[in-house]
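So you can see what is in the structure, the chains are spelled out below.
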Amino acid sequence: MTGFARADGHVDGWTWTWELKSVNGRGLDVRCKLPPDLDGLESMARSHIQERFSRGTISAALTVTRPPGALKLRLNVEVAEQLEQIVRELAARVKAQPPTLDGLLSVRGVIETAEEDEAPEARASREQAFVVALDEAIAALAEARAQEGTRLGAVLASQLDELEGLADDAEACATVRPEAIRARLKEQVAALLEAAPALPEERLAQEAALLAAKADLREELDRLRAHLAAARELLSAGGPVGRRLDFLCQELNREANTICSKSTDIELTRIGLDLKAGIEQFREQIHNIE
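Below: a short report on this structure. Since we're looking at a predicted model, the values are computed, not measured.

**Some details on unusual backbone geometry**
In this structure, D12 is a non-glycine residue whose phi angle is positive, near 50 degrees. Its place among the elements puts D12 in the loop between strand 1 (3-11) and strand 2 (14-23).

Right, dumping it as structure tokens:
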């Protein structure tokens with residue numbers, strides 16, 4: 001499901017903003033982008049998001065503005081010395097221009113950030129404020145997704161109405177009426193009796209049973225209606241139902257395929273193809289809900 005939310009906070013000259021974005025996805029994929037010196041908060045952010053959501057690709061970004069003098073740069077002497085040794089060894093083997101100072105400084109780990117000494121309690125209090133702001137953004141994102149879910153619920157209910165209408169059309173089709181089945185079966189059995197050489201009675205009974213089973217679509221239509229009713233119940237129940245509805249779509253499609261394969265009537269085949277198209281549209285919408 002799609003959605004966007006943000007939450008701001010400030011304390012002791014520090015200001016920060018959480019931005020959360022959500023797009024459709026079959027599973028839950030959480031992606032975090034935090035300042036390098038705050039990447040320790042990533043596991044916390046992932047945990048809080050996973051507790052609230054079960055589906056979608058969710059991106060969480062934290063931007064922080066520190067008070068003047070809160071962050072200082074320092075040279076990592078050990079890394080710089082190792083880098084100097086590597087440069088000397090390469091210069092002895094490869095003819096190339098010597099590296100520039102800005103190029104050396106751009107190597108990750110040569111320059112480190114260090115915060116001014118502060119009490120552990122102050123740092124813990126600030127990080128807790130980060131968590132509070134994140135939870136506010138998560139709640140706002142959940143509300144945005146819920147509003148979208150309400151709109152999609154109406155669309156899905158309308159699609160279920162169309163599928164149930166097609167099931168009614170299939171049931172009303174002359175080829176699935178008992179009298180039509182009996183008449184067609186009678187013709188097919190008569191053709192078997194005229195076969196040369198004549199079929200044994202046992203084989204004839206088997207062929208007749210197979211023809212009867214193939215001609216009768218009532219079981220498929222009953223299962224189709226049961227799956228549609230189950231889908232309505234899930235929609236009205238609320239909560240994360242996307243995965244279960246996705247499974248129901250597989251079952252609905254199975255019945256539609258069987259109707260098409262058993263059909264000996266152009267009109268019934270058309271209805272079966274319309275059912276398949278409608279089920280696929282329903283499945284596409286399901287991927288937009290949790």
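Text resumes after the structure shown.
**Things to note about the pattern of salt bridges**
Summed over all chains, the structure comprises 18 salt bridges. Residue R223 is joined to E220 by a salt bridge in which the shortest nitrogen-to-oxygen separation is 3.7 Å. Note that R223 and E220 are positioned in helix 7 (residues 218-237) at a spacing of three residues, about one turn of the helix. Residue class for R223 comes out partly exposed when judged on its relative accessible area of 33%. Accessibility expressed as a relative area gives 5% for E220, which makes it buried. A salt bridge links R283 to E280, with the nearest nitrogen and oxygen atoms 3.7 Å apart. Residue R283 and its partner E280 are located together in helix 9 (residues 266-286), separated by three residues, close to a single helical turn.

**Some thoughts on the environment of T63**
Tracing the sequence through the fold places T63 in strand 4 (residues 56-65). A relative accessible area of 51% means that T63 is categorised as exposed. Spatially, the C-alpha atoms of T63 and T17 are 5.4 Å apart, while their sequence positions differ by 46 residues.

Rules and cut-offs
- Residues numbered from 1 in each chain as written.
- Predicted model: local features only at pLDDT ≥ 70, side-chain atom pairs only at ≥ 80, totals over all residues.
- Heavy atoms only, no water.
- Helix = DSSP H or I, 4+ residues; strand = E, 2+ residues; numbered from the N terminus.
- Salt bridge = Lys/Arg side-chain N within 4 Å of Asp/Glu carboxyl O.
- Buried < 20%, exposed > 50% of the residue type's maximum accessible area, 1.4 Å probe, protein only.

Keep in mind that these numbers describe shape and distance, not what the molecule does.
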